[in-house]
Amino acid sequence: MQHRHLTDDARWSRAAVDSALERGTLADWRELFAAARKDSRLAATILDVAEQHHVVGASALAKHLVTKL
């Protein structure tokens, strides 16, 4: 994902997660959740961001997907 909030080492910052949930494409979501599958800290960040920023539909879907990981 080409995003201003992604660091050079391709780690997902909270801002990048928030942006992906709010404005990301299907490809962005696939990339985010593939990374979360490998990194439990990222999965926890996704849950936290989804709880804090209620994006209609996306927050609930994100929480569901993380629980399925």
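Because the structure is predicted, anything quoted here is derived from the model rather than measured.

## What about the overall build of the protein chain?
Working step 1: Within the protein chain one finds 4 helices and 0 strands.
Working step 2: In the protein chain, the succession of α and β elements from N to C terminus is α-α-α-α.
Working step 3: Split into buried and exposed, the 69 residues of the protein chain put 36% on the buried side.
Working step 4: For the protein chain, contacts bridging at least 24 residues in sequence account for 45% of all contacts bridging at least 6.

## What to know about the nonpolar core
Working step 1: Among the nonpolar cores identified, the biggest contains 18 residues, and Val17, Leu21, Leu32 and Ile46 are the most heavily contacted of them.
Working step 2: At the level of secondary structure, the elements contributing two or more residues to this core comprise α1 (14-23), α2 (26-38), α3 (40-52) and α4 (58-68).
Working step 3: If you tally residues by element for this core, the top one is α3, at 5 residues.
Working step 4: With residues up to four places along the chain from it excluded, the contact list for Val17 reads Trp12, Leu32, Leu42, Thr45, Ile46 and Val49.

## Comments concerning α4
Working step 1: Where α4 is concerned, the buried positions are Ala58, Ser59, Ala62 and Val66. With its buried residues spanning 95° around the axis, α4 presents them on a single face. Among the exposed residues of α4, those oriented more than 90 degrees off its buried face are Ala60, Thr67 and Lys68.
Working step 2: Of the surrounding secondary structure, the elements contacted by the buried residues of α4 are α1, α2 and α3.

## Details of α1
Working step 1: Residues of α1 that are buried include every one of Ala16, Val17, Ser19, Ala20 and Leu21, and no others.
Working step 2: For α1, the secondary structure elements touched by its buried residues are α2, α3 and α4.

## Details of the side chain of Asp28
Working step 1: Within the secondary structure layout, Asp28 lies in helix α2.
Working step 2: There is no salt bridge for the buried Asp28, and the closest opposite charge comes from Arg23, which lies 8.8 Å off by N-O distance.
Working step 3: A polar atom in the side chain of Asp28 sits 2.9 Å from the backbone nitrogen of Thr25.

Cut-offs and rules
- Residues numbered from 1 in each chain as written.
- Predicted model: local features only at pLDDT ≥ 70, side-chain atom pairs only at ≥ 80, totals over all residues.
- Heavy atoms only, no water.
- Helix = DSSP H or I, 4+ residues; strand = E, 2+ residues; numbered from the N terminus.
- Buried < 20%, exposed > 50% of the residue type's maximum accessible area, 1.4 Å probe, protein only.
- Contact = heavy atoms within 4.5 Å.
- Core = buried A, V, L, I, M, F, W, Y, C linked by side-chain atoms within 4.5 Å.
- Arc of directions from axis to C-beta.
- Lys, Arg positive; Asp, Glu negative; His and termini not counted.
- Salt bridge = Lys/Arg side-chain N within 4 Å of Asp/Glu carboxyl O.
- Polar contact = N/O pair within 3.5 Å; in protein donor to acceptor, adjacent residues only side chain to side chain.

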